[in-house]
Amino acid sequence: MTNNPNDSKKLFALNKPKGYIVTRSDELGRKTVYNLLPTWAFDDEWMPIGRLDLESKGLLLFTRDGKVGNVLTKPGNCIKIYEIWVRGYVTDEHIIEALKGVQSPHGLLKALKVEKIGKGGAKTKLRIQIDEGKNRHIRRLFGALKDPKFGTPLKVLSLSRISIGSLGLNIESGKWRYLSLLEEKSLMKDLN
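Now for a look at the structure at hand.

1. Description of the overall build of the chain
- The helix and strand inventory of the chain stands at 5 helices and 11 strands.
- For the chain, the C-alpha radius of gyration of 17 Å lies close to 16 Å, the compact-globule estimate for 192 residues.
- Based on the C-alpha atoms only, the size of the chain along its principal axes is roughly 55 × 40 × 30 Å.
- Here the chain holds 192 residues, and 43% of them are scored as buried.
- Contacts in the chain between residues at least 24 apart in sequence constitute 65% of all its contacts with a sequence separation of at least 6.
- Roughly 10,300 Å² of accessible area belongs to the chain as shown, and the carbon and sulfur atoms make up 51% of that amount.

2. With respect to the layout of surface pockets
- The computed volume of the largest pocket comes to approximately 470 Å³.
- Together, 23 residues line the largest pocket, and R51, L52, G133, K134 and R136 are the ones closest to its centre.
- Of all the secondary-structure elements, those providing two or more residues to the lining of the largest pocket are β4 (80-87), α4 (137-143) and β9 (155-164).
- Broken down by element, the lining of the largest pocket gets its largest block of residues, 3 residues, from α4.
- Grouping the constituent residues of the lining of the largest pocket by class yields 9 nonpolar, 6 polar and 8 charged.

3. A short note on the side chain of T63
- Looking at the secondary structure, you find T63 in strand β3 (residues 57-63).
- Looking at T63, the relative accessible area reads 6%, which means it is buried.
- A polar side-chain atom of T63 sits 3.0 Å from the main-chain amide nitrogen of D65.
- Every residue in contact with T63, bar those within four places of it in the chain, is listed here: K10, L11, E45, W46, M47, I49, V68 and G69.

4. Quick word on the pairing of β4
- Taking burial as the measure, the 8 residues of β4 include 6 buried ones, the bulk of the element.
- Where β4 meets β9, 8 bridges bridge the pair, whose relative direction is antiparallel. Its bridge partner lying in β9, K80 is registered against I164.

5. Side note on empty space enclosed by the protein
- Taken as a whole and assessed by the stated rule, the structure comprises 1 cavity of 30 Å³ or more.
- Volume-wise, the largest cavity comes out at about 50 Å³.
- Forming the walls of the largest cavity are I49, G50, L61, L72, K80, R161 and I164.
- Within the lining of the largest cavity, the residues separate by chemical class into 4 nonpolar, 1 polar and 2 charged.

6. Remarks on helix α2 (residues 66-73)
- Of all the residues in α2, the buried ones are V68, G69 and L72. Along α2, the residues classed as buried sweep out an arc of 100 degrees about the axis, all on the same side. More than 90 degrees from the buried face of α2, the exposed residues found are K67 and N70.
- Where α2 is buried, its residues touch β1 (7-16), β2 (47-49), β3, β4 and α5 (181-189).
- Regarding α2, its N-cap is D65, as a side-chain oxygen of that residue lies 2.9 Å from the backbone nitrogen of K67 further along.

Quick notes on the rules
Residues numbered from 1 in each chain as written. Predicted model: local features only at pLDDT ≥ 70, side-chain atom pairs only at ≥ 80, totals over all residues. Heavy atoms only, no water. Helix = DSSP H or I, 4+ residues; strand = E, 2+ residues; numbered from the N terminus. Rg over C-alpha atoms; globule rule 2.2 N^0.38 Å. Buried < 20%, exposed > 50% of the residue type's maximum accessible area, 1.4 Å probe, protein only. Contact = heavy atoms within 4.5 Å. Areas by Shrake-Rupley, 256 points an atom, 1.4 Å probe, with all protein chains shown as cover. 1 Å grid on protein atoms, 1.4 Å probe; cavity = no way out; pocket = protein on both sides within 12 Å on 5 of 7 lines; lining within 4 Å. Points joined across faces, edges and corners; volume = space filled by probe spheres on them. Nonpolar A, V, L, I, M, F, W, Y, C, P; charged D, E, K, R; others polar. Polar contact = N/O pair within 3.5 Å; in protein donor to acceptor, adjacent residues only side chain to side chain. Pairing = 2+ DSSP bridges. Arc of directions from axis to C-beta.

No statement about biological role is implied by the geometric values presented.
Listed below in structure tokens is the structure:
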């Protein structure tokens, strides 16, 4: 499985493309992230740490160590950064609201940091930092905010996770690799 002595025995990363669900099997027959991985990842019960929905893409970690998974998903433990395109004009007021948080049936949804990094027509590109990940957190957060011009909810059109803690996304879409021992140590050092 792992031949390189500098490879982590506890973690590997996948750059998840859109169109794959993060589950071991799907009763609807949709493609899962395990379709992108060697068969041993499924057979040896490597589990995804957290989720990315069907339409989302980006960095996803896997482990067989439940403690590692719990530490990386515990709210407040690990900053995750996303780049998103939002339909609608995102105002400074929207950003203030996203930082303050909005109530939802899933609890308070908020971002730690939001910065505008691009615009294109009626779309705004944002970089978002969060330290927890409730179900469809970012999509629901921006869906609770209204476009000032049209009064319609903002809609996240694309979402990509570009980093988890100290680990950035540096793998081609659909590919996976072991973390190095150095990356594993760096990712876990703040969490122990």
